[in-house]
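# Per-entry structural report
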Amino acid sequence: MKKQTIFDRLRRWDESEFDLTDALPLEEPVRRIEPDLDRDALPPIPRLEHGGVRTFRRLYPWMAGLLALVLVGFLLLAVLELPAFGSADAPAHNEVMARYVGQGTEETGAVNTVAGVILDYRAFDTLGESHVLFTAAAAVLILLLTATHVQEEPRRIRDIMERDPILRNTAKVLTPVILLFGFYVILNGHLGPGGGFAGGAIVGSGLILCAIAFGFERLERLLNYKSYCRILVCCLGFYSLAKCYSFYCGANGLETIFSAGTPGRILSAGLILPLNVAVGLVVGCTMYGFYAVFQRGRI
Amino acid sequence: MTGMELFQLMLLGLLVVCGISACLTKNLLVSLIIFMAYSVIMSVVWVLLQAPDLAITEAAVGAGISSILLFITLKKLRDMRREVRDEETDDL
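The structure displayed is predicted, hence computed values, not measured ones.

## Points about the overall build of chain B
- The helix and strand tally for chain B stands at three helices and zero strands.
- For chain B, the sequential pattern of α-helices and β-strands runs α-α-α.
- The proportion of buried residues among the 92 residues of chain B is 17%.
- Long-range contacts, defined here as pairs at least 24 residues apart, represent 40% of the contacts in chain B between residues at least 6 apart.

## Re the overall build of chain A
- Assigned secondary structure in chain A consists of 13 helices and zero strands.
- When the helices and strands of chain A are listed from N to C terminus, the series reads α-α-α-α-α-α-α-α-α-α-α-α-α.
- Within chain A, the proportion of its 299 residues that are buried is 23%.
- Contacts in chain A between residues far apart in sequence, at least 24 positions, make up 72% of those at least 6 positions apart.

## Description of the nonpolar core
- The biggest cluster of nonpolar side chains holds 49 residues, and the ones touching the most others in it are A201(A), I272(A), A278(A), Y288(A), Y291(A) and A60(B).
- Where this core is concerned, the elements lending two or more residues are α6 (113-121), α9 (165-187), α10 (196-214), α12 (225-252) and α13 (272-296) of chain A together with α3 (52-91) of chain B.
- Among the elements that make up this core, the one with the highest residue count is α13(A) (15 residues).
- Apart from residues lying up to four places away in sequence, Y288(A) is in contact with G204(A), L207(A), I208(A) and L223(A).

## Details of the packing of α10(A) against α13(A)
Residue and element names in this part refer to chain A.
- Relative to each other, α10 and α13 sit at 35°, their axes nearing to 7 Å. At the point where α10 passes α13, the crossing takes the right-handed sense. Counting all contacts with α10, which are made through G196, F197, G199, G200, A201, V203, G204, S205, L207, I208 and A211, the residues of α13 involved are L275, N276, V279, G280, L281, V282, V283, G284, M287, Y288 and Y291.
- Of the residues contributing to the contact of α10 with α13, the split by class is 14 nonpolar, eight polar and no charged.

## Digging into unusual backbone geometry
Residue and element names in this part refer to chain B.
- Unusually for a residue other than glycine, Q50 sits at a positive phi of about 60°.
- With respect to the helices and strands, the residue Q50 is situated in the loop between α2 (28-48) and α3.
- Exposure remark for Q50: the 8 C-beta atoms within 10 Å place this residue in the exposed category.

## Comments concerning the environment of T113(A)
Residues and elements named next belong to chain A.
- Tracing the backbone through its elements, the reader meets T113 in helix α6.
- The partly exposed category is assigned to T113, around which 18 C-beta atoms lie within 10 Å.
- Between the alpha carbons of T113 and Q103 there is a distance of 9.7 Å; along the sequence they are 10 residues apart.

## Considerations on the interface of chain B and chain A
- At the interface, 21 residues of chain B touch 24 residues of chain A.
- Looking at the side of chain B that touches chain A, the elements that each hand over two or more residues are α1 (3-24) and α3 of chain B.
- It is α3(B) that provides the largest number of residues to the side of chain B that touches chain A, a total of 17 residues.
- In the side of chain B that touches chain A, the residues fall into 12 nonpolar, four polar and five charged.

## Let's talk about the packing of α9(A) against α10(A)
Residues and elements named next belong to chain A.
- Look at α9 against α10: their axes get within 8 Å of each other, and the N-to-C directions meet at 165°. As summarised for this structure, α9 and α10 are arranged roughly antiparallel, according to the angle between their axes. By crossing handedness, the relation of α9 to α10 is classed as left-handed. In this structure, α9 contributes L167, R168, A171, L174, T175, I178, L179, F181, G182, F183, V185 and I186 to the contact, and α10 contributes G196, A198, G199, G200, I202, V203, S205, G206, L209, C210 and A213.
- Taken together, the residues of the contact of α9 with α10 break down into 15 nonpolar, seven polar and one charged.

## Looking at the confidence of the model for chain B
Residue and element names in this part refer to chain B.
- Across chain B, the average pLDDT comes to 87, with 97% of residues at 70 or higher.
- Of all secondary-structure elements in chain B, the lowest mean pLDDT belongs to α3, at 84, while α2 reaches the highest, 91.
- In the model output, the complex is listed with pTM 0.69 alongside ipTM 0.80.

## With respect to helix α7 (residues 123-144) of chain A
- In a regular helix each residue adds 1.5 Å, so 22 residues correspond to 32 Å; α7(A) covers 31 Å between its end C-alpha atoms and thus fits that length.
- Where α7(A) is buried, its residues meet α6 and α12 of chain A.

## Structural notes on the confidence of the model for chain A
- Here chain A averages 75 in pLDDT, and 72% of its residues register 70 or above.
- Model confidence for chain A, summarised as mean pLDDT per element, is weakest for helix α3 (residues 27-33) of chain A at 45 and strongest for helix α4 (residues 51-81) of chain A at 89.

Thresholds, definitions, all that
Residues numbered from 1 in each chain as written. Chains lettered and ligands numbered in written order. Predicted model: local features only at pLDDT ≥ 70, side-chain atom pairs only at ≥ 80, totals over all residues. Helix = DSSP H or I, 4+ residues; strand = E, 2+ residues; numbered from the N terminus. Buried ≥ 20, exposed ≤ 12 C-beta atoms within 10 Å, placed from the backbone. Contact = placed C-beta atoms within 7 Å. Core = buried A, V, L, I, M, F, W, Y, C linked by C-beta atoms within 7 Å. Axes fitted to C-alpha atoms, helices over the stretch in contact; angles between N-to-C directions. Left-handed = near helix turned anticlockwise from the far one by under 90°. Nonpolar A, V, L, I, M, F, W, Y, C, P; charged D, E, K, R; others polar. Parallel < 35°, antiparallel > 145°, perpendicular 65-115°, else oblique. pLDDT = per-residue confidence, 0-100. Expected span 1.5 Å × (residues − 1).

See the structure below:
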């Protein structure tokens, strides 16, 4: 077969020798329900080749390219409307920035102004973003968890992986360090760069390394489907409730029970630290869950 | 032009080279590795733009998790293709 670029593959995905109709796992239940029905006797899946579809296929790459160009044009127009990078009279450089930089640490208690902006000043936007992420994760799980047969890793590959001394010993040394660094980034989110999302991603990659080196079975003692769901629901519920509380207090001008504390202390910045922990746990579990779903079809 | 500016220009040029070559390579595995390199360069660029938060996230997500997921997807595709090929040889 001639070597192809990604664009070639995308353009000719329907003509390649790899026929998806053979590889779909949908055929399993059909065979199980009607065991005496021979596979050849099944009606052949008609290849959609009438005129409209063929025109659609021929036009598809051009229309896709045109759409991409139009979108790029719109985005570039929007960029042209923005003030020049670093210009002094930009809107981001006037009172908004002065407020955030000047009084951010005092008002939110977070030394890391980014954490203060994300989880305090602009927490409403962050809550909306996390809903978008939650919907996306739910869609991925709905799509990938419906596989009728659970795909176990082939025994051979698992044995090779578990017997590989380089992988196992490297993982033994590296996993604690990665996890420790991840938790440090989560807990230190209001004091330095990092925060819940970045730290959670680091923790998740540590868990993934652990799963690759030692197998899913050992990791299941720590994190199985049940505890996965519990952690996710508890953290998301805590996040929403805590944010609802602070929105309620902020909108009505009430004092919250979470004080800003002394900036620079680990137990300061009010709600930012617990929110970072919740976000970190959710992100770490979700990253590991995505890996497990991709790798073996279940968590 | 100071050395720092030269370094930044080099990084930006490498970004463009990585972005284009990731699309144009014939081998999907090579394309993925170039994509990882793109993320690593991008995280250095974030540090130079004084956004360390973004740099950490880019390194963890762009170079780590999303590359792992893409590698698994590539492996699955190869497995599926091999199964199909085995079935075809069985039929013959």
